[in-house]
Amino acid sequence: MQDSVHNCVIVGSGPAGYTAAIYAARANMNPIVYTGKEPGGQLMITTDVENYPGYPDGIMGPEMMEDFRKQAERFGTKVINEIIVKADLEGPIKKIWSETGDEIHAHTIIIATGASAKWLGIPSEQRLMNNGVSACAVCDGFFFRGQEVVVVGGGDTAAEEATYLAKLCPKVHLLVRRDEMRASKIMQKRVEKTENLIVHWNTETVEINGEEAVESVTVKNNKTGEESIIEAKGFFVAIGHKPNTGLFTGVLDMDGSGYLKTTPGTSRTNVEGVFASGDAQDNVYRQAVTAAGTGCMAALDAERYLAEKEII
Ligand code: NDP
């Protein structure tokens, strides 16, 4: 057990967590970052990042997260490569426990645990990850301009990703596993109106084909059992995300999908001294730059809280 109470502990190490750390460290809050099980977050499985301002030539996701970490450490942030497995957020002193059994006490906690894309779970999807397989059209669509692509899913994300890609690609194939989409009516209309977007109803993915990169996709109509091949270079999985917030179930307010709720315009959760940032509380934008922005908000909110309580 630690004998001191830290000013600020940040749980998670994507753009939100490290940005919160940079701000908190520069405000003399001596933050500690617990990186979690995917240090660097979702960007560690992203290749080129071309839409983060300040990198005119683009940067590899892992390299960018290394820069974030170094910048946070430069101002004194302590980064610990461990997973937080338990939390007790009641009262003014928050308690969290790491996987190795350490009990950590803090006046403020910033949650930046992110979200994970859901995957279909077929082996070729893992094998061709970043070689044509992606879960983010805004991040990776640009690399497939001028080429045919497949999008899987029937919700708002799939509709949004497919219509986005239709602006870059000559033909987009949307695979919907039922005979209707779950997406909002307005998004469904947009899908219908997009001429180069072809919806394949009742269609599931059998296999993504290609040795080094995606070359085609074998699909099956689940009504007729008939299999066919779609020639495509990109395969976008858009079947939803899962926020990594299970640790806080029953304690922090969440929406039906598990995204943390914050007071609008702030990073404050329903528990005093606990702030949420990044994809753990955002199911709309989900970009590195928006996550970094909310990480900054969380650090500033935590600093104000500590000042109000006359802790620093
Ligand atoms: P959803 O859970 O809404 O939809 C997931 C979709 O993927 C469903 O159509 C589902 O099919 C399909 N699916 C799930 N598993 C598989 C599988 N193994 N194989 C094939 N298809 C599968 O997730 P979204 O990410 O689309 O949306 C999440 C939330 O975020 C929603 O509330 C949405 O409205 C919101 N959102 C809002 C946006 C906006 O306002 N601009 C943009 C994006 C999301 P089935 O229907 O058969 O279950």
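Look up: the structure comes first, before these words.
Notes on the structure in this doc start here. Model, not experiment: these values are computed from the prediction.

### With respect to the nonpolar core
In this structure, Ile10, Tyr52, Met64 and Ile110 are the most contacted members of the largest nonpolar core, which totals 26 residues. Looking at this core, the elements with two or more residues in it are β1 (5–11), α1 (15–26), α2 (61–74) and α7 (288–308). With 7 residues, the top contributor of residues to this core is α7. Residues contacting methionine 64, with those up to four places away along its chain left out, are Leu43, Val49, Tyr52, Tyr55, Ile59 and Ala288. In terms of nonpolar packing, the next biggest core, distinct from the first, is built from 20 residues, Ala137, Cys169, Leu174 and Ala183 among them.

### Remarks on a positive patch on the surface
A cluster of basic residues, Lys167, Lys185, Lys189, Arg190 and Lys193, forms a positive patch on the protein surface. Mapping lysine 189 onto the fold places it in helix α6 (residues 185–193).

### As for the environment of lysine 223
By the secondary structure assignment, lysine 223 is in the loop between β15 (216–221) and β16 (227–231). The exposure class assigned to lysine 223 is exposed, which follows from its relative accessible area of 61%. Here the alpha-carbon distance between lysine 223 and valine 138, two residues 85 residues apart in the chain, equals 32 Å.

### So, unusual backbone geometry
Backbone geometry at asparagine 202 places phi at a positive 50°, although glycine is not the residue there. Structurally, asparagine 202 can be placed in the loop between β13 (197–200) and β14 (203–209).

### With respect to the site of the ligand
In the region of the ligand, 14 residues are neighbours, and Asp156, Thr157, Glu160, Arg178 and Arg182 sit closest. Arginine 177 places a polar side-chain atom, nitrogen or oxygen, 2.9 Å from an oxygen atom of the ligand. The contact in question runs from an oxygen atom of the ligand to an N or O atom on the side chain of asparagine 283, over 3.4 Å. Protein burial of the ligand: of its 900 Å² of free accessible surface, 70% is covered by the chains.

### Here we look at the pairing of β1
Burial runs high along β1: 6 of the 7 residues are buried. Examined bridge by bridge, β1 and strand β8 (residues 103–111) share 6 bridges and lie parallel to one another. The residue bridging cysteine 8 from the neighbouring strand is threonine 108, located in β8. Pairing of β1 with strand β2 (residues 32–34) involves 3 bridges; the strand directions are parallel. Bridge pairing in β2 places isoleucine 10 opposite valine 33. In this view, the connection linking β1 to its parallel neighbour β2 by way of α1 has right-handed handedness.

### Thoughts on the packing of α1 against α2
In a packed pair of helices, the relevant descriptors are the angle between the two axes and the axis-to-axis distance. Packing of α1 against α2 leaves a shortest axis separation of 8 Å and a crossing angle of 20°. If you check the angle between α1 and α2, you find them roughly parallel. Along this stretch, α1 crosses α2, giving a crossing that reads as left-handed. Residues Pro15, Tyr18, Thr19, Ala21, Ile22 and Ala25 of α1 form the contact with α2, whose own contacting residues are Met65, Phe68, Arg69, Gln71 and Ala72. The residue makeup of the contact of α1 with α2, split by class, is 8 nonpolar, 2 polar and 1 charged.

Cut-offs used in this document
- Residues numbered from 1 in each chain as written.
- Predicted model: local features only at pLDDT ≥ 70, side-chain atom pairs only at ≥ 80, totals over all residues.
- Heavy atoms only, no water.
- Core = buried A, V, L, I, M, F, W, Y, C linked by side-chain atoms within 4.5 Å.
- Buried < 20%, exposed > 50% of the residue type's maximum accessible area, 1.4 Å probe, protein only.
- Helix = DSSP H or I, 4+ residues; strand = E, 2+ residues; numbered from the N terminus.
- Contact = heavy atoms within 4.5 Å.
- Patch = residues over 30% accessible without salt bridge, like charges linked within 9 Å, V, L, I, M, F, W, Y side chains within 5 Å.
- Areas by Shrake-Rupley, 256 points an atom, 1.4 Å probe, with all protein chains shown as cover.
- Salt bridge = Lys/Arg side-chain N within 4 Å of Asp/Glu carboxyl O.
- Lys, Arg positive; Asp, Glu negative; His and termini not counted.
- Charge placed at Lys NZ, Arg CZ, Asp CG, Glu CD.
- Near = heavy atom within 4 Å.
- Polar contact = N/O pair within 3.5 Å; in protein donor to acceptor, adjacent residues only side chain to side chain.
- Pairing = 2+ DSSP bridges.
- Right-handed = clockwise from strand over helix to strand, strands pointing away.
- Axes fitted to C-alpha atoms, helices over the stretch in contact; angles between N-to-C directions.
- Parallel < 35°, antiparallel > 145°, perpendicular 65-115°, else oblique.
- Left-handed = near helix turned anticlockwise from the far one by under 90°.
- Nonpolar A, V, L, I, M, F, W, Y, C, P; charged D, E, K, R; others polar.

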